[in-house]
Amino acid sequence: MSSSSSASPLRYPETKTVDVVDHYHGVAVADPYRWLEDDNSAETKAWVEAQNRVTFGYLEGLSQREAFKRRLAQLLDFERFGLPHERGGRYFFTRNEGLQNQSVLWVAESLDAEPVVLLDPNTLSVDGTTALTGYAVSEDGRWLAYGLAVAGSDWNEWRVRDVATRQDTGDLLQWVKFSGCSWAKDGSGFYYSRYDAPAEGAKLTGVNEHQKLCFHRLGTPQSEDRVVYVRPDHPKWGFGGRVTEDGAYLVVHVWQGTERKNRVHYRRLTTDSGERVSDDAAFVPLLDDFDAAYHFIGNDGPIFWFETDADAPKQRIIAVDTRNPGRAHRREIVPESDATLRDAAFVGGRFVLQYLRNAHSEVKTFLSDGTPAEAIELPGIGTASGFGGRADATETFYAFTGFTTPGTIYRHDFVTGRSTIWKQPRVDFDLDAYETSQVFYPSRDGTRVSMFLTHRKGLKRDGSNPVLLYGYGGFDVSLTPAFSTTNLAWMERGGIYAVPNLRGGGEYGREWHEAGTKLSKQNVFDDFIAAAEWLVAEGWTTRERLGIYGGSNGGLLVGACMTQRPELFGACVPAVGVMDMLRFHKFTIGWAWTSDYGSSDDAEQFAALHAYSPLHNLREGTCYPPTLVTTADHDDRVVPAHSFKFAARLQAVQACDAPVLVRIDVRAGHGAGKPTAKVVEEGADRLAFLAEHLGME
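Residues numbered from 1 in each chain as written. Predicted model: local features only at pLDDT ≥ 70, side-chain atom pairs only at ≥ 80, totals over all residues. Heavy atoms only, no water.

**Regarding the overall build of the protein**
Check the secondary structure of the protein and you find 11 helices and 38 strands. Each principal axis of the C-alpha atoms in the protein carries an extent, and together these give about 80 × 55 × 50 Å. Evaluated residue by residue, the protein yields a buried proportion of 59% over its 697 residues. Residue pairs at least 24 apart in sequence account for 58% of intrachain contacts in the protein once pairs closer than 6 positions are excluded. With the model as given, the accessible surface of the protein reaches about 27200 Å², and the carbon-plus-sulfur share is 47%. Of note, the protein has its 73 positive side-chain charges centred 1 Å away from the centre of its 93 negative side-chain charges. (Helix = DSSP H or I, 4+ residues; strand = E, 2+ residues; numbered from the N terminus. Buried < 20%, exposed > 50% of the residue type's maximum accessible area, 1.4 Å probe, protein only. Contact = heavy atoms within 4.5 Å. Areas by Shrake-Rupley, 256 points an atom, 1.4 Å probe, with all protein chains shown as cover. Lys, Arg positive; Asp, Glu negative; His and termini not counted. Charge placed at Lys NZ, Arg CZ, Asp CG, Glu CD.)

Take a look at the structure:
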């Protein structure tokens, strides 16, 4: 260890305690740091400043911080592109020159034409914290609707820009959250979802309920937007509206929480003869039981196609005739496979289906009647994404990436059946000197779990290697091979990057996900702990050289595992984590997570939550590993109070000299849209902290 970590124990800011006790089903639970939930109070702001002084004073003294910072800036300095898509003969795509804080949106009249800048978010804020969160182009390619978020907030503002003049129209939509937009076929306006403006002081922590699906007509103020669909009787329902490609229907996905089960309602927009239907036309509940996941793919007139896990845990494609929609009349087009179907599109006259087989991609195509067509061959083990386009398109674009493969954009020609590289990044790194393997290990209950290991070729399995173990395990999210320059900087110095596919994720279908939820959530932690034990037992590393990292639900994962097995890890970095499992549902969109976690309002679920809640399982007299808790002051998804309270409690009970730090980013949120400069700073701090405490030279 360097002198910074072996010096006298850190002096943490004094954190007051208050006498607050809640009673859950006859159990008294103290909450002495409740006051830190008020992010607007002067006391909380002073506490944040005091903690950051200690944290950044420590981090700036780490011997490898500046070297990591320089190297991360070098590695990130490469040109990279987003997937292009065509509208009205024009192609739209994002591009980052390398170290631009935000990617820039470009437009070109053809793939061979010289592109021009359509929207540069870097000009919208001095510090680069205004991010483009989404965009949609009208059918004729004339209008661009785009969303912006400031300082990492989930709240978006949407505006409209004339593509030809590259000037905004003055349209402004506020209080948009968890929503994209879908244009009317005639380009007169678009559908989007919004909430009412939050009460004064509640923008960050206020509960998000009563979402409304609205239609915005170009050139009119938001106050005149028509509310298309709202359910005051169901305040927790959310809505996503999509206009079908033929312009004849508005399809509404009705969601409740983060569970994949949803409803589907629709309304006619035009008659069979093409005449416009009245705005007062009723919505038809097509799939209305919340019994499964139904993702609308496209339609052939009144026949709607869905990707679904109804009667198929690994998903399949079905057709529903809106004229006779009963369950008995549903028609299977593509049956369930032994691989997990994760995404579907109808492009170029065929279904393009993206599967996961052992957590990496394979892509197959099928004709509209379900007849197998060609497979799209991928260049190796990795992750494919994209495959958008129209039903009559002759091309589609997709990205392919892996742990040592930066995102490469391919154009697939349906006429020739060939894929060719459209844009390929060039990174200042010898990627061929590194390799990825997939291993399988037993969890505590014998369940077979897969894990990716990436490291320098020829690395010796002698127990001397620092390992960074990263996990998530929740919300049906799949951890597949992904490229990260921060991970390259770690592996370049001899580190191993390990990613297990924990239960709770979506890699192996609905049953795998459900095995890591609610009363079975402990399975996720057992899987992660078993991965750590396997890495030590197999000689990849030692306990002292094993670090763990995860964000959001992954921050919960790290917090739970370090409280259950503090002796197993050499260093811990829980990022923007859900740490108070008894009160998470009382803030912003937290209520939606009860589909995965359960709720303390239920007696049986309370007992399970209380048993692993990181905040409530910190014990006095325990030596916890060196820990760097990270959060952000604008996180309005997992509010920063989770990390504040956990860090305060951990500092209070820490029984040894191992540091307990909380890094609180300012003008940042849950992670989306983070400017490149902040990515470099945060990455350097995390790697330097881990290197310091895991013995990385």
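Now that the structure has been shown, the text picks up again.
**A closer look at the nonpolar core**
If you look at the biggest cluster of nonpolar residues, it comprises 112 residues, and the most contacted ones within it are W47, M451, L469, L535, W593, Y597 and F689. Counting residues per element, this core draws most heavily on helix 6 (residues 522–537), which supplies 9 residues. The contacts of L469, once residues within four sequence positions are left out, are M451, A498, P500, F528, A531, A532, L535, L546, G547, I548 and Y549. (Core = buried A, V, L, I, M, F, W, Y, C linked by side-chain atoms within 4.5 Å.)

**Overview of helix 4 (residues 485–492)**
An α-helix turns once per 3.6 residues; consequently, residues spaced three or four apart project the same way. Of all 8 residues in helix 4, 7 are buried; the element is thus mostly enclosed. Buried residues of helix 4: T485, T486, N487, L488, A489, W490 and M491, and no others. Residues of helix 4 that are buried in the fold lie against helix 3 (65–76), strand 31 (434–442), strand 32 (448–456), strand 33 (467–470), strand 34 (496–500) and helix 11 (676–694). The backbone nitrogen of T486 has a side-chain oxygen 3.3 Å away, supplied by the residue at the start of helix 4, namely S484. Immediately beyond the C-terminal end of helix 4, within one or two residues, lies G494, with a positive phi of roughly 95 degrees. (Polar contact = N/O pair within 3.5 Å; in protein donor to acceptor, adjacent residues only side chain to side chain.)

**A word on the pattern of salt bridges**
Counted according to the given criterion, the structure contains 56 salt bridges. Note that D311 is salt-bridged to R327, the shortest N-O span being 3.7 Å. Here R327 lies in the loop between strand 21 (316–321) and strand 22 (331–334) and D311 lies in the loop between strand 20 (303–308) and strand 21, a separation of 16 residues in the sequence. R327 gets classed as partly exposed once you look at its relative accessible area, which sits at 42%. Each of R65, E66, K69, R663, D665, K678, E681 and D685 takes part in a single network of salt bridges with overlapping partners. (Salt bridge = Lys/Arg side-chain N within 4 Å of Asp/Glu carboxyl O.)

**Focus: helix 3**
Under the 1.5 Å per step criterion, the end-to-end length of helix 3 is 16 Å for 12 residues, consistent within 8% with the ideal 16 Å. Every buried residue of helix 3 is listed here: R65, F68, R71, L72, L75 and L76. Across the axial projection of helix 3, the buried residues extend over an arc of 130 degrees, all falling on one side. (Expected span 1.5 Å × (residues − 1). Arc of directions from axis to C-beta.)

**Description of the confidence of the model for the protein**
Of all residues in the protein, 99% attain a pLDDT of 70 or more, and the chain-wide mean is 95. pLDDT under 50 marks residues 1–7. Its contacts with residues more than four places away, or in other chains, come to 11 contacts. (pLDDT = per-residue confidence, 0-100.)

**Considering the packing of helix 4 against helix 11**
The interhelical angle for the contact between helix 4 and helix 11, taken along N-to-C directions, is 25 degrees, at an axis separation of 11 Å. It follows from the interaxial angle that helix 4 and helix 11 lie roughly parallel. Here the hand of the crossing between helix 4 and helix 11 comes out right-handed. Mapping the contact onto sequence places T486, A489 and W490 in helix 4 and G683, R686, L687, L690, A691 and L694 in helix 11. Looking at side-chain class alone, the contact of helix 4 with helix 11 contains 6 nonpolar, 2 polar and 1 charged residues. (Axes fitted to C-alpha atoms, helices over the stretch in contact; angles between N-to-C directions. Parallel < 35°, antiparallel > 145°, perpendicular 65-115°, else oblique. Left-handed = near helix turned anticlockwise from the far one by under 90°. Nonpolar A, V, L, I, M, F, W, Y, C, P; charged D, E, K, R; others polar.)

**Section: the state of the cysteines**
Counted under the stated rule, the structure contains 1 disulfide. The side chain of C623 participates in a disulfide bridge whose partner is C656; the two sulfur atoms lie 2.0 Å from each other. Between C623 and C656, the disulfide has an S-S torsion of 70 degrees and is therefore right-handed. In this pair, C623 is assigned in the loop between helix 9 (603–612) and strand 37 (627–632) and C656 in the loop between helix 10 (641–653) and strand 38 (660–665), connecting sequence segments 33 residues apart. (Disulfide = S-S within 2.5 Å.)

**Here we look at the pairing of strand 30 (residues 418–423)**
Where a strand is regular, its side chains alternate between the two sheet faces. By the bridge criterion, 5 bridges tie strand 29 (residues 405–413) to strand 30 in an arrangement that is antiparallel. Its bridge partner being in strand 30, I409 is matched across the sheet by K423. Counting the residues between successive antiparallel strands, the hairpin from strand 29 to strand 30 contains 4 residues, one of them, G417, with a positive phi of roughly 75 degrees. (Pairing = 2+ DSSP bridges.)

**A few points about the layout of surface pockets**
With a probe scaled to a water molecule rolled over the atoms, the places where space remains empty come into view. Taken as a whole, the second largest pocket encloses approximately 560 Å³ of empty space. Forming the walls of the second largest pocket are 25 residues, and the residues nearest its centre are V150, S153, K203, L204 and H634. Of all the elements in the fold, those that place two or more residues in the lining of the second largest pocket are helix 2 (42–60), strand 9 (143–150), strand 10 (156–162) and strand 11 (167–183). Residue classes in the lining of the second largest pocket are distributed as 11 nonpolar, 7 polar and 7 charged. (1 Å grid on protein atoms, 1.4 Å probe; cavity = no way out; pocket = protein on both sides within 12 Å on 5 of 7 lines; lining within 4 Å. Points joined across faces, edges and corners; volume = space filled by probe spheres on them.)

**Side note on the environment of Q100**
By the secondary structure assignment, Q100 is in the loop between strand 5 (90–96) and strand 6 (104–108). Along the backbone, Q100 and G554 are 454 residues apart, and their C-alpha atoms lie at a distance of 28 Å. Once residues within four sequence positions are removed from consideration, Q100 is found in contact with R95, N122 and T676.

**Observations regarding the packing of aromatic side chains**
Taken as a whole and assessed by the stated rule, the structure comprises 39 aromatic pairs. Each ring, one from W305 and one from F346, has its centre 4.5 Å from the other, and the planes form 40 degrees; the classification is tilted. Of the two residues, W305 sits in strand 20 while F346 sits in strand 23 (residues 340–347), which places them 41 residues apart along the sequence. Look at W305 and you get buried, because its relative accessible area is 6%. (Phe/Tyr/Trp six-rings, centres within 6.5 Å; stacked < 30°, edge-to-face > 60°.)

**Points about unusual backbone geometry**
Positive phi is not limited to glycine here, since F178 has a value of about 55 degrees. A relative accessible area of 29% places F178 in the partly exposed class. Notably, F475 is not glycine yet its phi reads approximately 55 degrees, a positive angle. Mapped onto the fold, F475 is located in the loop between strand 33 and helix 4. In this structure F475 comes out as buried when scored by relative accessible area, which is 16%.

**Overview of the sheet that holds strand 20**
Read across the open sheet, the 4 strands follow the order 19-20-21-22; overall the sheet is antiparallel. The open sheet is flanked by strand 19 (294–300) and strand 22, the only strands paired with a single partner. Each neighbouring strand pair of the sheet contributes to a mean axis angle of 30 degrees, computed without reference to strand direction.

**Quick word on the environment of L650**
Among the secondary structure elements, L650 is positioned in helix 10. Looking at L650, the relative accessible area reads 0%, which means it is buried. In sequence terms L650 and V243 are 407 residues apart; their C-alpha atoms lie 50 Å from each other. Residues within four places of L650 in sequence aside, it is in contact with M562, L618, Y624, T627 and V660.

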